[in-house]
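Close look at the chain arrangement
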Amino acid sequence: TAVTATTNEIQLSPLQGSQHQTNQKDQPPFGFTVNWSFSDSVTVFTGQCFVDEKGKEVLRTMWLLRSRVDNMKDDWKATR
């Protein structure tokens, strides 16, 4: 991604998120955002934690990375 392809030094970046948990047996959906402190981009993640037949937790996620572009004409290439 643009975050890992940068020549900038990778730095600790703030993460904020939430998890919807109604009870201990639930398989909760969650979401979080990372504001990359070394890149002009933000990534949002969303997904759900599943528990398989053997009791193993598995995270299934999707993500979008949005990079800054100089003008609206280049908007089409800003989201991955």
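Note: the structure precedes this text.
Now for a look at the structure at hand. (Residues numbered from 1 in each chain as written. Predicted model: local features only at pLDDT ≥ 70, side-chain atom pairs only at ≥ 80, totals over all residues. Heavy atoms only, no water.)

**Some words on the packing of aromatic side chains**
Counted under the stated rule, the structure contains three aromatic pairs. Between F30 and F32, the ring centres sit 6.3 Å apart and the planes meet at 10 degrees, which makes this aromatic pair stacked. Each residue in the set F30, F32 and F45 is aromatic and connected to the rest through ring pairs, giving one cluster. (Phe/Tyr/Trp six-rings, centres within 6.5 Å; stacked < 30°, edge-to-face > 60°.)

**So, the pattern of salt bridges**
For the structure on display, the rule yields three salt bridges. We note a salt bridge from R68 to D40, for which the minimum N-O separation is 3.5 Å. Here R68, found in the segment after β4 (57–67), pairs with D40, found in the loop between β2 (29–35) and β3 (41–51); they are 28 residues apart in sequence, far enough to count as distant. When the shortest N-O distance is used, the salt bridge between R66 and D75 registers 2.6 Å. Residue R66 is classed as partly exposed on the basis of its relative accessible area of 37%. Several salt bridges converge on common partners, so that one network encompasses D40, R68 and D70. (Salt bridge = Lys/Arg side-chain N within 4 Å of Asp/Glu carboxyl O. Helix = DSSP H or I, 4+ residues; strand = E, 2+ residues; numbered from the N terminus. Buried < 20%, exposed > 50% of the residue type's maximum accessible area, 1.4 Å probe, protein only.)

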